[in-house]
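# Secondary and tertiary structure notes
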Amino acid sequence: MRSLLTSLGIIIGVSGVIVMSAIGEGSQELIKQEIDALGTNVIIVFPGAGRTGGVRHGAGSLNRFTFDDIEKIKREATLVKYVSPAVRSGGQIIAGENNWSCEVNGVSTDYFRIKNWPVEYGAHFTVHDVQTKRKVALLGKTVADKLFPDKDPTGEKIRIRNVPFTILGVLKEKGQIGMGQDQDDIVLAPSTTVLYRLKGGRYIDLINASARSADQLEEAEEEIRTILRESHRLDDGEDDDFTIQNQTEITEAVTETSKIMTLFLGTVASIALIVGGIGIMNIMLVSVTERTREIGIRLSVGARGSDILVQFLAEAVALSVTGGLFGILLSLAIVFGVNEFTEYSALIKIKMILISVVFSAAIGIIFGFFPARKAAGLNPIDALRHE
Amino acid sequence: MGNMVIETRRLTKSYQMGETIVHALRDVDFMVETEELIAVMGASGSGKSTLLNILGCLDKPSSGEYILEGKPVSELGKKEYAPFRNEKFGFVFQSFNLLPRTSALENVELPLVYDRAGRVGKPRRAAEEALRRVGLGDRMHHMPNQLSGGEQQRVAIARALVNNPAIILADEPTGNLDTSTSADVMTLFQELNRDGMTIIVVTHDPEIAECAKRIVLMRDGRIHGDNQVSA
Ligand SMILES: Nc1ncnc2c1ncn2[C@@H]1O[C@H](COP(=O)(O)OP(=O)(O)OP(=O)(O)O)[C@@H](O)[C@H]1O
Ligand SMILES: [Mg+2]
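Cut-offs used in this document
Residues numbered from 1 in each chain as written. Chains lettered and ligands numbered in written order. Predicted model: local features only at pLDDT ≥ 70, side-chain atom pairs only at ≥ 80, totals over all residues. Heavy atoms only, no water. Helix = DSSP H or I, 4+ residues; strand = E, 2+ residues; numbered from the N terminus. Buried < 20%, exposed > 50% of the residue type's maximum accessible area, 1.4 Å probe, protein only. Contact = heavy atoms within 4.5 Å. Pairing = 2+ DSSP bridges. Axes fitted to C-alpha atoms, helices over the stretch in contact; angles between N-to-C directions. Near = heavy atom within 4 Å. Polar contact = N/O pair within 3.5 Å; in protein donor to acceptor, adjacent residues only side chain to side chain. Areas by Shrake-Rupley, 256 points an atom, 1.4 Å probe, with all protein chains shown as cover. Parallel < 35°, antiparallel > 145°, perpendicular 65-115°, else oblique. Left-handed = near helix turned anticlockwise from the far one by under 90°. 1 Å grid on protein atoms, 1.4 Å probe; cavity = no way out; pocket = protein on both sides within 12 Å on 5 of 7 lines; lining within 4 Å. Points joined across faces, edges and corners; volume = space filled by probe spheres on them. Nonpolar A, V, L, I, M, F, W, Y, C, P; charged D, E, K, R; others polar. Buried area = accessible area lost by both parts, 1.4 Å probe. Salt bridge = Lys/Arg side-chain N within 4 Å of Asp/Glu carboxyl O.

### Remarks on the overall build of chain A
Along its length, chain A carries 12 helices and 12 strands. Burial statistics for chain A: of 387 residues in total, 49% are counted as buried. Counting contacts in chain A only where the partners sit at least 6 residues apart, residues at least 24 apart contribute 77% of the total.

Right under this line is the structure:
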């Protein structure tokens, strides 16, 4: 009974710490993946100055972006590694019997590199495809699943708003981002094709770019700003008529949340460890006090102090080890459950297993050891009279 | 008569109880020779248990000397007490003091577990033998709470004699027993004594005391009377 309680203390301590830290690690890993999914050192340029001041400028034709802007950035911005236009369109897509409505995004080949977006099947389109406005498309995972369930659609034909396209491949799954927006519910096609064959006009909606390195993000942003101000013929005193955001700004908020989460879980885990530790300590102390009579009996028939210590240590170690093992098993079960049945993900680190087991075992052993040593040093008769 | 096993000189035990000092033993001079069977009697609180505990090395005197088989016990280091308790004495407590949740057999075996000299070759066999000797051959695997008071006392006696000690110290071993079981216990002690053990029994019962060869009377922490019983 007593040993059950002791083990329970250890089990709770150990599994609490492991599970908490596993969830912490897991969510950090998840957030890291999300940030990676955004791309590497990404800079995004929106038309209009609006966002900062709250009032959005009417996006007149002059202050929108053209392919010339892209070319200019490519030529003149030395710190910008990749730059791609984004021409946003959308509509119904038909593939045989199936149809699906989603966004169709016109981009250049740099886009795949900015976004770190490889293909699952087939291949990306090429610079030549963009130059020749070929009617080819890449499907996001979600779209591919809807239109071509259980099959590789590479080479198949689809119609986007009645314009026929050939499928070049399927993009790797990126998952959801932020508020559940599905990044895979999209079709990518050459920017020129989307602009001239689907959308019409001469303006592109967004510019996606990436800096050569994270350190040069700000400077690269400055280069883009200078180039765009020039092409939009803005005077020195005038405000930008576009907005530049970089990845740092986008991810800062996310990282902040993740830090708070980790801190919170760390605190909860420490509390679990301390509570477990106090439990173990308590039970050990009570156990030795309760068993002082037993110690008296053993001493009176000739046990040495060291015999008593060895016995209590062995018991404490046995309890800690079994408790620790069950704690690990329990936490494995919980972590499995979390991964399987909830949207959180948990990741067990060996380090945490070691820390929690060593900590609980140490507490069990220390608090089993000292009172036992005290009791073993008593006159047998005092130990026997103990109540 | 045999050799001197126990000799105390001005043995004193006092307890500080707040302002007052309680004297449990005052200047006790007590000698025991081998193969004696002694009954210690006296009113409650006269110091019988205190004396027995000190003789059995379970407690330490406040002052005075205790010489056991020629060796001054007070000069023993802490570690030397354990083998003394283990090899020289068998102690029977009034309140049995058996380990709970531990079978009769394992209780009796306990002193042998701590016998580093390994004087008894087969502990399990010896424990069974001791239990048979006290008439509990058919109760070996009972737990203490499955045994009657008399049976528990006999388990305690088996534990006291299992390591074949020179001296058995019994503190009111018959205090919880009826007359006929008490007589059985005393007969057992007489047998053991005949086999060569020195036995000291604390008792309130004059009939029990009469089975002894010598009766020591205590009063207020002193030895008040000391008589050989004529056979
Ligand atoms: N731990 C102690 N602290 C204080 N006084 C004690 C302690 N142990 C014994 N005494 C006192 O010492 C005296 C002798 O006690 P002891 O137990 O030796 O008596 P006893 O002769 O065995 O009595 P009884 O026949 O009732 O068992 C008593 O007055 C008792 O109150
Ligand atoms: Mg007494």
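Following the structure, the description resumes.
### Digging into helix α3 (residues 104-113) of chain B
When you tally the buried positions in α3(B), you get 8 out of 10 residues, the bulk of the element. Those residues of α3(B) that fall on the buried side of the exposure criterion are A104(B), L105(B), N107(B), V108(B), E109(B), L110(B), P111(B) and L112(B).

### A short note on the sheet that holds strand β6 (residues 89-92) of chain B
Residue and element names in this part refer to chain B. Across the sheet, 6 strands lie side by side as β6-β7-β8-β3-β9-β10; this open sheet has mixed pairing. Every interior strand has two partners, whereas the edge strands, β6 and β10 (222-228), have only one. For this sheet, the mean angle separating the axes of adjacent strands, direction not counted, is 15 degrees. Note: β6 against strand β7 (residues 167-171), 4 bridges, orientation parallel. Its bridge partner being in β7, F89 is matched across the sheet by I167. Across the face of the sheet, helix α5 (residues 149-161) comes into contact with β6 and β7 while running at roughly 170 degrees to β6.

### Here's the deal with the site of ligand 1
Close to ligand 1 lie 14 residues, the nearest being S44(B), G45(B), K48(B), S49(B) and T50(B). Flanking ligand 1 are residues from chains A and B. Note that an oxygen atom of ligand 1 is positioned 3.4 Å from one of the side-chain N or O atoms of E172(B). Relative to its unbound accessible area of 630 Å², ligand 1 is 70% covered by the protein chains. Elements represented by at least two residues in the shell around ligand 1 include exactly β1 (4-17) and α1 (48-55) of chain B. Here the element with the most residues in the shell around ligand 1 is α1(B); it accounts for 3 residues.

### Structural notes on the packing of helix α9 (residues 292-300) of chain A against helix α10 (residues 305-341) of chain A
For any two helices packed against each other, one specifies the crossing angle of their axes together with the interaxial distance. Residues and elements named next belong to chain A. Packing of α9 against α10 brings their axes to within 10 Å, and their N-to-C directions diverge by 140 degrees. Classified by the angle between their axes, α9 and α10 sit oblique to one another. Helix-helix and strand crossings are classified by hand; for α9 and α10 the assignment is right-handed. Between α9 and α10, the contacting residues are E294, I295, R298 and L299 on the first element and G305, I308, Q311 and F312 on the second.

### Topic: empty space enclosed by the protein
If you walk through the whole model with that rule in mind, you get 1 cavity of 30 Å³ or more. Taken as a whole, the largest cavity spans an internal volume of roughly 110 Å³. Together, 14 residues line the largest cavity, and S300(A), V301(A), F89(B), G90(B) and F91(B) are the ones closest to its centre. Elements with a minimum of two residues in the lining of the largest cavity: β6 and α5 of chain B. Of the residues belonging to the lining of the largest cavity, the class tally is 8 nonpolar, 4 polar and 2 charged.

### Some words on the sheet that holds strand β2 (residues 20-33) of chain B
Residues and elements named next belong to chain B. Read across the sheet, 4 strands follow the order β2-β1-β4-β5 without closing on themselves; strand pairing throughout is antiparallel. Strand pairing shows two members of the sheet lacking a second neighbour, β2 and β5 (71-72), which therefore form its edges. Here strand β4 (residues 63-68) runs beside β5; their pairing, made up of 2 bridges, is antiparallel. Looking at the pairing, I67 lines up with P72 of β5.

### Examining the pairing of β4(B)
As paired elements, β1(B) and β4(B) share 5 bridges and run antiparallel to each other. In the strand pairing of β4(B), E7(B) is matched with I67(B).

### Some remarks on the interface of chain B and chain A
In this assembly, 22 residues from chain B lie in contact with 20 residues from chain A. Across the interface of chain B and chain A, roughly 1,900 Å² is buried in total on both sides, 53% from carbon and sulfur atoms. Applying the counting criterion to the chain B and chain A interface returns 1 salt bridge. Across the pair R116(B) and D307(A) runs a salt bridge whose closest N-O atoms are separated by 2.3 Å. Linking chain B with chain A are 6 residue pairs in polar contact (both at pLDDT 80 or more). Contributing elements (two or more residues each) for the side of chain B that touches chain A: α2 (78-87) and α3 of chain B. Examining the composition of the side of chain B that touches chain A, we find that 6 residues originate from one element, α2(B), more than from any other. Across the side of chain B that touches chain A, the residue classes tally to 11 nonpolar, 3 polar and 8 charged.

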